[in-house]
Amino acid sequence: MTGQRLTDLHGSLRDPLLGSIGFLNEVMGRYPEAISFAPGAPHPEFYDDVDVAGHLDRYLRHLETDRGLAPDAARRRLFEYGPSRGLINDLVADLLRRDAGIHTLPEALVITVGAQEAMLLTLRALYTPGDDLLAVADPSFVGILGAARMLDIPVVGIEETADGPDLDALAKACTAGRRIRAFYVAPDFANPGGGRMSVASRHRLLELAEEHDFLVIEDNTYGFTAAPGQERPVLKALDRSRRVVHIGTFAKVCFPGARVGFVVADQRVAAHPSGGDRLLADDLAALKSVVTVNTAPIAQAVIGGILLANGGSLAVPARRRAVRYQQNLDHLLRALDTWLGPSPRAGVRWNRPDGGFFVRVHLPVPVTLALLERSAAEFGVLWTPMAQFYPTGAGDRQLRLSCSYLDAEQIDEGAARLAAFLQEGL
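Because the structure is a prediction, the values reported are computed rather than measured.

**What about the pattern of salt bridges?**
The full count for this structure, using the stated rule, is 25 salt bridges. Two residues, R98 and D94, come together in a salt bridge whose shortest N-O distance is 2.8 Å. Taken together, the positions of R98 and D94, both in helix α4 (residues 89-100) and four residues apart, correspond to about one turn of that helix. On the accessibility criterion, R98 (45% relative accessible area) is partly exposed. One salt bridge in this structure joins D266 and K236, with 2.8 Å as the shortest N-O distance. With D266 in the loop between β9 (261-264) and β10 (268-269) and K236 in helix α9 (residues 235-238), this pair connects stretches of sequence that are 30 residues apart. Judged on exposure class, the residue D266 and its partner K236 are both buried. Overlapping salt bridges, with partners in common, bring together D132, R179, E210, D213 and R243 in one network.

**A look at the side chain of N191**
Note that N191 resides in the loop between β6 (180-185) and α8 (199-212). Its relative accessible area of 10% is what places N191 among the buried residues. Looking at N191, its side chain comes within polar contact range of the side chain of R400, at 2.8 Å. What N191 contacts, discounting residues up to four positions off in sequence, is S140, F141, Y222, F358, F389 and R400.

**What to know about the packing of aromatic side chains**
Aromatic ring pairs are reported here in terms of the distance separating the ring centres and the angle at which the planes meet. All told, the structure shown has nine aromatic pairs when counted by the stated rule. Measuring from ring centre to ring centre gives 5.9 Å for F46 and Y325, while their planes differ by 65 degrees; the resulting arrangement is edge-to-face. Linking F46 in the loop between β1 (35-36) and α2 (52-65) with Y325 in helix α12 (residues 315-340), this pair joins segments that are 279 residues apart in sequence. Each ring, one from F379 and one from F421, has its centre 5.6 Å from the other, and the planes form 65 degrees; the classification is edge-to-face. Of this pair, F379 sits in helix α13 (residues 369-379) while F421 is found in helix α14 (residues 408-425), placing the two residues 42 residues apart along the sequence. In this pair, the class of F379 matches that of F421, namely buried. Put simply, the rings of F46, Y222, F224, Y325, F357 and F358 pair up and form one aromatic cluster.

**Side note on the packing of α2 against helix α3 (residues 71-79)**
Remark: α2 packs on α3, axes separated minimally by 9 Å, with the N-to-C direction vectors making an angle of 125 degrees. Considered as vectors, α2 and α3 are oriented oblique to each other. Here the hand of the crossing between α2 and α3 comes out right-handed. Contacts between α2 and α3 involve L56, Y59, L60, L63 and E64 from the former and P71, A74, R75, R77 and L78 from the latter. Here the residues of the contact of α2 with α3 are counted per class, giving seven nonpolar, no polar and three charged.

Thresholds applied
- Here the residue numbers are simple positions, counted from 1 along each chain's written sequence.
- Totals for whole chains, interfaces and linings use every residue, but because this is a predicted model, local features are given only for residues with pLDDT of at least 70 and side-chain atom pairs only at 80 or more, for both listing and counting.
- Computation of side-chain values: all heavy atoms of the structure, hydrogens and water removed.
- Here, a salt bridge means any side-chain nitrogen of Lys or Arg that lies within 4 Å of a carboxyl oxygen of Asp or Glu.
- The numbering of helices and of strands both runs from the N terminus, where a helix is a DSSP run of H or I of at least 4 residues and a strand a run of E of at least 2.
- The buried label applies to any residue whose accessible area, calculated with a 1.4 Å probe on protein chains only, is under 20% of its type's maximum; exposed applies above 50%, and partly exposed to all values in between.
- Whenever a nitrogen or oxygen atom comes within 3.5 Å of another N or O atom, the pair is scored as a polar contact, on the condition that within protein one atom can donate a hydrogen and the other can accept it, and that pairs from neighbouring residues in sequence are kept only if both atoms are in side chains.
- The contact definition used throughout considers only heavy atoms, calling two residues in contact when any of these lie within 4.5 Å.
- Geometry of aromatic contacts follows a simple scheme: Phe, Tyr and Trp rings, the Trp one being its six-membered ring, pair when their centres are within 6.5 Å, and the pair is stacked under 30 degrees between planes, edge-to-face over 60, tilted otherwise.
- For helices, the axis comes from a line fit to the C-alpha atoms of the stretch in contact; other axes are also lines fit to C-alpha atoms, and the angle between any two N-to-C directions lies between 0 and 180 degrees.
- Relative orientations are named as follows: roughly parallel for angles under 35 degrees, roughly antiparallel for angles over 145 degrees, roughly perpendicular for angles from 65 to 115 degrees, and oblique for any other angle.
- Each crossing is labelled by how the near helix is turned from the far one, with a counterclockwise turn of less than a right angle marking it left-handed and a clockwise turn marking it right-handed.
- Polarity classes work like this: nonpolar for Ala, Val, Leu, Ile, Met, Phe, Trp, Tyr, Cys and Pro, charged for Asp, Glu, Lys and Arg, and polar for all others, with Gly in that last group.

Set out below in structure tokens:
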């Protein structure tokens, strides 16, 4: 049998990003008793009692009573291949109007296999081989970095501040010679940086997009974790020039196993071969038809049933979850203050985000995979190295702590183990 050399395969498979993710998963599997601050996953309490059968039945009744389908036709809608654009577009469009102030037509939506597929399809549609750049916050979500690497899209990092990406740096990058085609941003409590854009910064970003002719790819995964009264408008709700491609997911507010996300792509595509103008969403759906064909109809039906059960809005379940995640974040910050303040070593510090799932810790030494292995083996605590989140190669002295998946007692014990590791293990 003829073997293959790694150098014969796509360059993304040699990227340290993919290797570090695989190594982290391997370490978690080898040390199941360690307390893990690694996964940015929803807390299990929110989907322990999800009534999948009940939600499927509710969506089937919706197809029969509201859409006029016969029972057999409604069941086939769930059991057969579905349209690439999606089945629940009308319900999601209504949700976005109610909860986010986004007014969009169902045909401008594509229902995707999680937010990750939405990112991949969007990048594939926007970028042709050449020198156009994708700008991202530095640090940025590994999913967008990995998708860009798979598609050979060059990336430029824009430093993340407490007020989100440095927009002066973005404006400068737009005039540095190479065209920025799109800018990826999570305006609320970004993973992993934790920054949050002010309303003024959101308006300025849209002005820059208009001035320098780029699109904004907005990731709205963590906006729901804002404290009551501290909500800020999503970029798409402020968008008056169709500059924003809005990406969302039901993983955090419903449950991750459904693997259902969506993308709002209402930009017009002129001079299309099919004749006349059409929506960018049409092209994303065409790409999806040769990637995943369609998002699983049964998974969509479950999400559709949840939306129907909540009157077309997820504001109430989102608020319940936000309370838990805010408590966990506050608990983690207090635990770090207790166990690490005053700091056991010079150079140990952390940020204090107002929401989201993550806290960044800066160390006085390089944060390597070998250091992670030692932390897990000798001190029973896991975390995520930050270097993989930085397209500029920075972040090699930072680690990320996620508090979303844990209970208060686990956070306390994990912080104590982390302190022991920093005091004895460095």
